[in-house]
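Letter by letter, the chains look like this.
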Amino acid sequence: PKLHLMLQQVVGIDCVDDESKPEGRCPSTESAPPPPAEWTQGNPHYAYYCYYLYANLHALNQLRARRGFSLLAFRPHAGEAGGLEHLHAAFLTARGINHGINLRRSPSLQYLYYLAQVGLALSPLSNNALFLTLAKSPFYEFFAAGLNVSLSTDDPLMFHHTKEPLMEEYCVAEQMWRLSSVDLAEIARNSVLQSSFESDVKAAWLGADYAQPGEGGNAIARTNVPNLRIEFRHLLLTEEMEVLRGAMPHDAPTAGMTE
């Protein structure tokens, strides 16, 4: 009963590790690794963890959905350090990721994350302390390009100095990249959309039609984001998808690209 009560309060499962540690080659179909119960080879590859976490959460969510329980999203640490294979695996399995700063090393992979609008919760202050200085952080580059980015904290007891660590992230980002009030409001709106709060909670914060694309889903009085900004983001993404559809054979499936 205590575990069930706890799971009712949990909305996501992370996968945290030191991504900078060297690891072997990513598992392939030619040399398929054994299932978890038979694993005896040391620490598995990041992609191995991603697949089995995703697969088991999917099965668990089917059971929980049938019983009317809350569902669990897979939201791993990915792309903070290490190889690009981590971001490949997370793209295929995760609902959203924490960090993702290594997308700056691969424009093509960054493009895929943009098209799918995979949520990126970046923590520039944490990155500044561990892997990447603020001056080199790709946060603003991602935001300007239209990726689905938000600001988040990471180990606030280690990297922040006040009782409001998330506010620190916003304040530093505002000063570092000269963000406007519209920029800050859009980032905050993204964070709510990325979250796993219930629909009625999101509606209270963003408006009843928040799930609609474009300006139809924006309630200015709640989000403080102008319709023009929302419509601009939606128009660019729509045009990009149309370009891709036009470049594909007419008989090629496109359903997966619109999800």
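Rules used throughout
- Just so you know, the residues in each chain are numbered from 1, in the order the chain's sequence is written.
- Residues qualify for local features only when their pLDDT is at least 70, as the model is predicted, and side-chain atom pairs are given and counted only at 80 or more; totals for whole chains, interfaces and linings, by contrast, use all residues.
- Side-chain metrics in this entry use all non-hydrogen atoms of the structure; hydrogen atoms and water are not considered.
- Throughout, an axis means a line fitted to C-alpha atoms (over the contacting stretch in the case of helices), and angles, computed between N-to-C directions, take values from 0 to 180 degrees.
- We count a stretch as a helix when DSSP gives it H or I for four or more residues in a row; a strand needs E for two or more, and each element gets its number in order from the N terminus.
- Here roughly perpendicular refers to angles of 65 to 115 degrees, roughly parallel to angles under 35, roughly antiparallel to angles over 145, and oblique to all remaining angles.
- Take the far helix as the reference: if the near one is turned anticlockwise from it by less than a right angle, the crossing is left-handed, and if turned clockwise, right-handed.
- Contacts are assigned to residue pairs that have any heavy atoms within 4.5 Å of one another.
- Any residue outside Ala, Val, Leu, Ile, Met, Phe, Trp, Tyr, Cys, Pro, Asp, Glu, Lys and Arg is labelled polar, Gly included; the first ten of those are nonpolar and the last four are charged.
- The definition used for a disulfide is geometric: two cysteine sulfur atoms within 2.5 Å.
- Burial here depends on accessible area, computed with a 1.4 Å probe over protein chains only, as a share of the maximum for the residue type. Under 20% is buried, over 50% is exposed, and the range in between is partly exposed.
- Put simply, a patch holds well-exposed residues, over 30% relative accessible area, that have no salt bridge, with like charges counted together within 9 Å and Val, Leu, Ile, Met, Phe, Trp or Tyr side chains within 5 Å.
- In these tables, accessible area is a Shrake-Rupley quantity obtained with a 1.4 Å probe, and a residue counts as shielded only by the protein chains included in the view.
- The salt bridge criterion pairs a side-chain nitrogen of Lys or Arg with a carboxyl oxygen of Asp or Glu, the two atoms within 4 Å.
- Under the counting rule used here, the positive set is Lys and Arg, the negative set is Asp and Glu, and His together with the chain ends is not counted.
- We put the charge of a Lys on NZ, of an Arg on CZ, of an Asp on CG and of a Glu on CD.
- Should DSSP find at least two bridges between two strands, the strands are regarded as paired.
- A crossover gets the label right-handed when its path from the first strand over the helix to the second runs clockwise, viewed with the strands pointing away from the viewer.
- Here a Phe, Tyr or Trp ring, Trp counted by its six-membered ring, pairs with any other such ring whose centre lies within 6.5 Å, and the pair is stacked when the planes are under 30 degrees apart, edge-to-face when over 60, and tilted otherwise.
- Charge over a ring is defined by NZ of Lys or CZ of Arg lying within 6 Å of the ring centre and within 35 degrees of the ring normal.

Visitor: Could you give an account of the packing of helix 4 (residues 107–116) against helix 12 (residues 227–247), naming the residues involved and the relevant values?
Guide: Here helix 4 crosses helix 12 at 115 degrees, and the two axes come no closer than 10 Å. The orientation of helix 4 relative to helix 12 falls into the category roughly perpendicular. Where helix 4 crosses over helix 12, the handedness of that crossing is left-handed. Residues Tyr-111, Tyr-114 and Leu-115 of helix 4 form the contact with helix 12, whose own contacting residues are Leu-236, Leu-237, Glu-240, Met-241 and Leu-244. Partitioning the contact of helix 4 with helix 12 into residue classes produces seven nonpolar, no polar and one charged.

Visitor: Describe the environment of Asp-209, naming the residues involved and giving the relevant values.
Guide: Positionally, Asp-209 belongs in the loop between helix 10 (199–206) and helix 11 (220–223). Asp-209 sits 203 residues away from Met-6 along the chain, and the two C-alpha atoms are 30 Å apart. For Asp-209, the residues in contact, after removing those within four places along its chain, are Gly-216 and Gly-217.

Visitor: So what about the state of the cysteines? Which residues, and what values?
Guide: Throughout this description, disulfide means a covalent bond between two cysteine sulfur atoms. The final tally for this structure, using the stated rule, is zero disulfides. As a non-bridged cysteine, Cys-15 has Cys-50 as the owner of its nearest cysteine sulfur, 5.6 Å distant. Assessed through its relative accessible area of 11%, Cys-15 is described here as buried. Since its relative accessible area comes to 0%, Cys-50 is described here as buried.

Visitor: Tell me about a negative patch on the surface, residues and numbers included.
Guide: On the surface, Asp-17, Asp-18, Glu-23 and Glu-85 cluster together into a patch of negative charge. Tracing the sequence through the fold places Asp-17 in the loop between strand 1 (12–13) and helix 2 (46–66). The exposure class of Asp-17 is partly exposed, given its relative accessible area of 43%.

Visitor: Any chance you could break down the pairing of strand 4 (residues 96–99) for me, citing the residues and the numbers?
Guide: Where strand 3 (residues 77–78) lies against strand 4, two bridges are found, and the strand directions are parallel. Along strand 4, the bridge assignment pairs Ala-78 with His-99. Taking the sense of rotation as the criterion, the β-α-β connection linking strand 3, helix 3 (residues 85–93) and strand 4 turns out right-handed. Of the pairings in the sheet, the one linking strand 4 to strand 5 (residues 119–122) comprises three bridges and is parallel in character. Counted as the bridge partner of Ile-97 is Leu-120 from strand 5.

Visitor: Before we move on, could you go through the environment of Tyr-49 and cite the residues and values that matter?
Guide: Locating Tyr-49 in the fold gives a position in helix 2. Assessed through its relative accessible area of 33%, Tyr-49 is described here as partly exposed. Spatially, the C-alpha atoms of Tyr-49 and Cys-15 are 8.0 Å apart, while their sequence positions differ by 34 residues. With near-sequence residues (within four places) excluded, Tyr-49 lies in contact with Cys-15, Asn-43 and Pro-44.

Visitor: I'd like a rundown of the pattern of salt bridges, residues and numbers included.
Guide: For side chains bearing opposite charge, pairing can occur when the charged atoms are close. Under the criterion given, the structure shown has four salt bridges. For Glu-186, the salt bridge is made with Arg-229, and the minimal N-O distance between the two is 2.6 Å. Of this pair, Glu-186 sits in helix 9 (residues 181–194) while Arg-229 sits in helix 12, and the two are 43 residues apart along the sequence. For Arg-229, a relative accessible area of 21% puts it in the partly exposed group. A salt bridge links Arg-245 to Glu-242; the shortest N-O distance between them is 3.2 Å. One end of the pair is Arg-245 and the other is Glu-242, both in helix 12 and three residues apart, which spans about a single turn. One network of salt bridges, in which partners are shared, links Asp-183, Glu-186, Arg-229 and Arg-233.

Visitor: How would you explain the packing of aromatic side chains if you had to name every residue and give the values?
Guide: In total, this model carries eight aromatic pairs according to the counting rule given. Here Trp-39 and Tyr-48 contribute two aromatic rings whose centre-to-centre distance is 4.6 Å and whose plane-to-plane angle is 50 degrees, an arrangement assigned as tilted. Plain terms: the ring middles of Phe-139 and Trp-177 are 5.4 Å apart, the flat faces sit at 40 degrees to each other, and that makes the pair tilted. Separated by 38 residues along the polypeptide, Phe-139 in helix 6 (residues 139–145) and Trp-177 in helix 8 (residues 165–177) bring together distant segments of the chain. The class for Phe-139 is buried, based on a relative accessible area of 0%. Judged by its relative accessible area of 15%, Trp-177 falls in the buried class. Through successive ring pairs, a cluster of aromatic residues spans Trp-39, Tyr-48, Tyr-51 and Tyr-52. Taking the ring centre of Phe-143 as reference, the NZ or CZ of Arg-233 above it sits at 4.9 Å.

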